[in-house]
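Given next are the chains, with one letter for each unit.
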Amino acid sequence: MRLEQLRYLSDIQHTNSISKTANRFFLSQQSLSNNIRQLEKELNVVLLERSPFGVNLTKEARDLLALSDPFLKQYDELQNQFALQQENTEENVKHIRIYCSSVLATLVLPKAIAIFSKKYPKTRVSVKEISYKDIFPSIEKNICDVAFLSINEEYFLEQLNTYDASKFHYNIMITDRLVACISAQSPLAQKEIIEQSDIVTRPFTYLNIVPLKKNNANNSNLALYNSHNIEFHRRALREMDVISLMPRYVYSNLFDNKHYVSKFLEGAQQTIYHTTIYPNTTPSPIIKELVNIVTALI
């Protein structure tokens, strides 16, 4: 039994997909499948059940992860703390450049930086909010040290294929789903699901996602608004019969259920990743620690 085999199995628990987990670990599907089969043979149990909808963990696999996940977290923390102790004090006196294209990360960054700065008072931290389009180029050119973004799964994997994936290290903090947010006073509030026809006949906005052409009848360019400006979305929802498409966690954290409601969107099974990404060139342990603080707060 190897640590990486347990990590692969733990990831499949969230993706329900051999191909998605393989992409996330930069493996071939065959290599990943072989690792799981070796683990099954060693333990003499079946760990995955395959279906037309993907793969699911068996009871034995869930029992295994219940025991191994706490150990993996402790192992990662031990590695990080040891690396921190080995760092020269002068190396800690540096500037960490954070680029952010995530509303969810922006919510917790002030508190995360405050916690971090108490431990590393000589380390300067700066934050710049940028478009999701600039995240990968900025990491590739070493313009920033770490980036936080909320992004559609398809676009994220597309970017990993466009750029040299070996240059990036990423950690998916939360796997999310797309929802449609509407005013509690809207006639649509009585519906169970928002249909494509509802979007075609009403103004719509995008909040913290890449415009989804296939989910809005190829009318993404007709969107009323596409930005992280929360107040604009709130006012538009209050004053117009508008639909705002956003990640579920963003809705839960920023839109109260007294004035707004969320609905599933017809045909939209889009997965949204709230993730962090940084160069794959042996990043400083203090950057990893900052990432861990943000992840814990989210």
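Residues numbered from 1 in each chain as written. Predicted model: local features only at pLDDT ≥ 70, side-chain atom pairs only at ≥ 80, totals over all residues. Heavy atoms only, no water.

> For unusual backbone geometry, give the residues involved together with the corresponding values.
Here the phi dihedral of Asn44 falls at roughly 60°; this positive angle occurs in a residue that is not glycine. Position of Asn44 relative to the elements: it lies in the loop between helix H3 (29-43) and strand E1 (48-51). Phi is positive for Asn208, which is not a glycine, with a value near 65°. By secondary structure assignment, the location of Asn208 is in the loop between strand E8 (204-206) and strand E9 (225-226). (Helix = DSSP H or I, 4+ residues; strand = E, 2+ residues; numbered from the N terminus.)

> Can you lay out the packing of helix H1 (residues 3-15) against H3 for me, pointing to particular residues and giving the numbers?
One can describe the packing of H1 onto H3 by two numbers: an axis separation of 10 Å at closest approach and a directional angle of 110°. Classified by the angle their axes make, H1 and H3 are roughly perpendicular. Facing H1, whose interface residues are Gln5, Leu6, Tyr8, Leu9 and Ile12, H3 presents Leu32, Asn35, Ile36, Gln38 and Leu39. Here the residues of the contact of H1 with H3 are counted per class, giving seven nonpolar, three polar and no charged. (Axes fitted to C-alpha atoms, helices over the stretch in contact; angles between N-to-C directions. Parallel < 35°, antiparallel > 145°, perpendicular 65-115°, else oblique. Contact = heavy atoms within 4.5 Å. Nonpolar A, V, L, I, M, F, W, Y, C, P; charged D, E, K, R; others polar.)

> Could you give an account of the packing of helix H6 (residues 103-119) against helix H12 (residues 285-297), with specific residues and numbers?
Geometrically, a packed helix pair is captured by the angle between its two axes and the distance between the axes. Running from N to C, H6 and H12 point in directions that differ by 135°, and their axes come no closer than 9 Å. Overall, the two elements H6 and H12 adopt an arrangement that is oblique. The two elements H6 and H12 cross, and the hand of that crossing is right-handed. Contacts between H6 and H12 involve Val108, Leu109, Lys111, Ala112, Ile115, Phe116 and Lys119 on the former and, on the latter, Ile286, Glu289, Leu290, Ile293, Val294 and Leu297. In terms of residue class, the contact of H6 with H12 is built from 10 nonpolar, no polar and three charged. (Left-handed = near helix turned anticlockwise from the far one by under 90°.)

> Can you break down the confidence of the model for the protein residue by residue, with the values?
On average, residues of the protein carry a pLDDT of 83, and 88% of them reach 70 or more. No element of the protein has a lower mean pLDDT than helix H5 (residues 89-92), at 47, and none a higher one than strand E4 (residues 124-129), at 92. Segment residues 214-218 is flagged for pLDDT under 50; beyond a separation of four residues in sequence, or across chains, it makes 15 contacts in the model. (pLDDT = per-residue confidence, 0-100.)

> So what's going on with the pattern of salt bridges? Which residues, and what values?
Inspection of every chain in the model, using the stated rule, returns 13 salt bridges. A salt bridge links Lys191 to Glu195; the nearest nitrogen and oxygen atoms lie 3.8 Å apart. Looking at Lys191, the relative accessible area reads 23%, which means it is partly exposed. The partly exposed category is assigned to Glu195, whose relative accessible area is 32%. Put simply, Glu231 and Arg238 hold a salt bridge, and the shortest N to O gap is 3.4 Å. Taking relative accessible area as the criterion, Glu231 reaches 38% and is therefore assigned partly exposed. Each member of the salt-bridge network shares a partner with another, and the members are Lys191, Glu195, Asp198, Arg202 and Asp241. (Salt bridge = Lys/Arg side-chain N within 4 Å of Asp/Glu carboxyl O. Buried < 20%, exposed > 50% of the residue type's maximum accessible area, 1.4 Å probe, protein only.)

> Would you mind going over a nonpolar patch on the surface in detail, with residue names and values included?
A cluster of nonpolar side chains, contributed by Leu224, Phe232 and Met240, occupies part of the molecular surface with about 230 Å² of accessible area. With respect to the helices and strands, the residue Met240 is situated in the loop between helix H10 (230-239) and strand E10 (243-247). (Patch = residues over 30% accessible without salt bridge, like charges linked within 9 Å, V, L, I, M, F, W, Y side chains within 5 Å. Areas by Shrake-Rupley, 256 points an atom, 1.4 Å probe, with all protein chains shown as cover.)

> Before we move on, could you go through the packing of aromatic side chains and cite the residues and values that matter?
The geometry of an aromatic ring pair comes down to the distance between the two centres and the angle between the two planes. All told, the structure shown has 11 aromatic pairs when counted by the stated rule. Arranged with centres 5.9 Å apart and planes meeting at 10°, the rings of Phe136 and Tyr163 form a pair that is stacked. Remark: Tyr163 occurs in the loop between helix H8 (153-162) and strand E6 (168-183) and Phe136 occurs in helix H7 (residues 135-140); sequence separation between them is 27 residues. Its relative accessible area of 2% is what places Phe136 among the buried residues. (Phe/Tyr/Trp six-rings, centres within 6.5 Å; stacked < 30°, edge-to-face > 60°.)

> Report on the side chain of Asn35, specifying residues and quantitative values.
Residue position: Asn35 is located in helix H3. A distance of 2.4 Å separates polar atoms of two side chains, one belonging to Asn35 and the other to Arg2. Of the polar contacts made by the side chain of Asn35, one reaches the backbone oxygen of Ser31; its length is 2.9 Å. For Asn35, the contacting residues outside a window of four places in its chain are Arg2, Gln5 and Tyr8. (Polar contact = N/O pair within 3.5 Å; in protein donor to acceptor, adjacent residues only side chain to side chain.)

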